[in-house]
Amino acid sequence: MNYYFITGTSSGIGQALATELLKNENNHVFGISRRQNLMDVNFTPVVLNLANIEEVNGFHFPKLENPEKVVLINNAGQIGDIKPIGDSDNKAIADLFTVNVTSVAIFMNKFISNYASLPVAKTILNVSSGAGKNPIEGWATYCGSKAAVDLLSLTTFTEQQRALNPVMVYSIAPGVVDTEMQASIRASNEKDFSKHKHFVDLKANNELTSPLEVADKYIMILNQPENFKACIFSLRDVK
Ligand SMILES: NC(=O)c1ccc[n+]([C@@H]2O[C@H](COP(=O)([O-])OP(=O)(O)OC[C@H]3O[C@@H](n4cnc5c(N)ncnc54)[C@H](OP(=O)(O)O)[C@@H]3O)[C@@H](O)[C@H]2O)c1
């Protein structure tokens, strides 16, 4: 059995990933989010608020029966309060970093430690963003969080080169995807977000990628690690 632990399976990219993976009866998915809306004999819902550090610390990776492959996909993320720093809500800043960075680091730490002696294919896939490479006004916390995910991933990737049963670590940006997160970006205040029109136009011109297309590319990468040896890249560059 292949085991996938995916955060944020109640919507968007995470939901599409879980749905696609569950088409193969040799896959079992643990879906970690506050809402739960998937049902399958091979799906285990885990209700967890990733902004609550006690709940994150309380999560333990289970002992697995006959694992052939074990994968952690840190997909859950928040865009946060779309406002310049100076006008942002402090709790929203703290919650965003807890969900987008701290919980990712803790899940990686627990996954690597818990399955260290498991001699099977192991992968961590962190869903990053182009926003972690370039500043976008109004998204300072989001950009900062995704830049952190990239270097957290690359450093762990480097550390794992020396591990006995190494874990492959990816930090892969999905492109601009038609999800609830994009809807909240379009619902933000134009005064606080200079690129507001750009994102409204992307949707109006049908230029958003579908979550299904993104999920299929991520799954192809997970199934063909021999063809994807770098840690950080974008799905835009994967044909
Ligand atoms: N959409 C894009 O254009 C785009 C571009 C670049 C990167 N990304 C990244 O892609 C990932 C997925 O985003 P998406 O576009 O699919 O967004 P989405 O449709 O809004 O889904 C976000 C998921 O994250 C979960 N989540 C958020 N806060 C959580 C919390 N406190 N505790 C537990 N789960 C939480 C949500 O579950 P609950 O609400 O049920 O908890 C939901 O399942 C994110 O990391 C995002 O930064 C997206």
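In what follows, the accompanying structure is described. What you see is a predicted model, and the numbers here were worked out from it, not measured in a lab.

Focus: the site of the ligand
Around the ligand, the structure places 30 residues, and the nearest of them are Gly8, Gly12, Arg34, Gly77 and Thr179. If you list the elements that add at least two residues to the shell around the ligand, you get α1 (12–21) and α5 (180–186). Partitioned by chemical class, the residues of the shell around the ligand number twelve nonpolar, 15 polar and three charged.

With respect to the packing of helix α3 (residues 90–114) against helix α4 (residues 140–160)
Where α3 contacts α4, the two axes come as close as 9 Å, and the packing angle between them is 10 degrees. With respect to their mutual orientation, α3 and α4 come out roughly parallel. Contact with α3, carried on its side by Ile93, Leu96, Phe97, Asn100, Val101, Val104, Ala105 and Met108, involves Thr141, Tyr142, Ser145, Lys146, Ala148, Val149, Leu152 and Thr156 of α4 and no other residues of that element. The class makeup of the residues in the contact of α3 with α4 is eleven nonpolar, four polar and one charged.

A look at the nonpolar core
Membership of the largest hydrophobic core comes to 38 residues, with the highest contact counts inside it found for Tyr4, Ile6, Leu17, Ile73, Leu125 and Tyr218. When residues of this core are traced back to their parent elements, those giving at least two are β1 (2–7), α1, β2 (27–33), β4 (69–74), α3, β5 (121–127), β6 (167–173) and α7 (211–223). Setting aside anything within four residues of it in sequence, one finds Ile73 in contact with Tyr4, Phe5, Ile6, Leu17 and Leu125. In terms of nonpolar packing, the next biggest core, distinct from the first, is built from twelve residues, Leu50, Ile82, Trp139 and Tyr142 among them.

What about the sheet that holds β2?
Taken in spatial order, the seven strands line up as β3-β2-β1-β4-β5-β6-β7 in an open sheet, and their pairing is parallel. The sheet is open, and its two edges are formed by β3 (43–47) and β7 (232–234), each paired on a single side. Neighbour to neighbour, the strand axes of the sheet diverge by 20 degrees on average, direction disregarded. Relative to β6, β5 is paired through six bridges, and the arrangement is parallel. If you follow Val127 over to β6, its bridge partner there is Ile172. Taken strand by strand, α1 contacts β1, β2, β3, β4 and β5, and its axis lies near 165 degrees from that of β1. Against the sheet, α4 makes contact with β5, β6 and β7, and its axis sits at roughly 155 degrees relative to β6, the strand it touches most.

Here we look at the pairing of β2
Of all seven residues in β2, six are buried; the element is thus mostly enclosed. Pairing between β1 and β2: six bridges, direction parallel. The residue bridging Asn2 from the neighbouring strand is Asn27, located in β2. The parallel pair β1 and β2, bridged by α1, forms a crossover whose chirality is right-handed.

Each value, and the rule that gives it
Residues numbered from 1 in each chain as written. Predicted model: local features only at pLDDT ≥ 70, side-chain atom pairs only at ≥ 80, totals over all residues. Near = placed C-beta within 6 Å. Helix = DSSP H or I, 4+ residues; strand = E, 2+ residues; numbered from the N terminus. Nonpolar A, V, L, I, M, F, W, Y, C, P; charged D, E, K, R; others polar. Axes fitted to C-alpha atoms, helices over the stretch in contact; angles between N-to-C directions. Parallel < 35°, antiparallel > 145°, perpendicular 65-115°, else oblique. Contact = placed C-beta atoms within 7 Å. Core = buried A, V, L, I, M, F, W, Y, C linked by C-beta atoms within 7 Å. Buried ≥ 20, exposed ≤ 12 C-beta atoms within 10 Å, placed from the backbone. Pairing = 2+ DSSP bridges. Right-handed = clockwise from strand over helix to strand, strands pointing away.

Function cannot be read off these values alone, since they describe shape.
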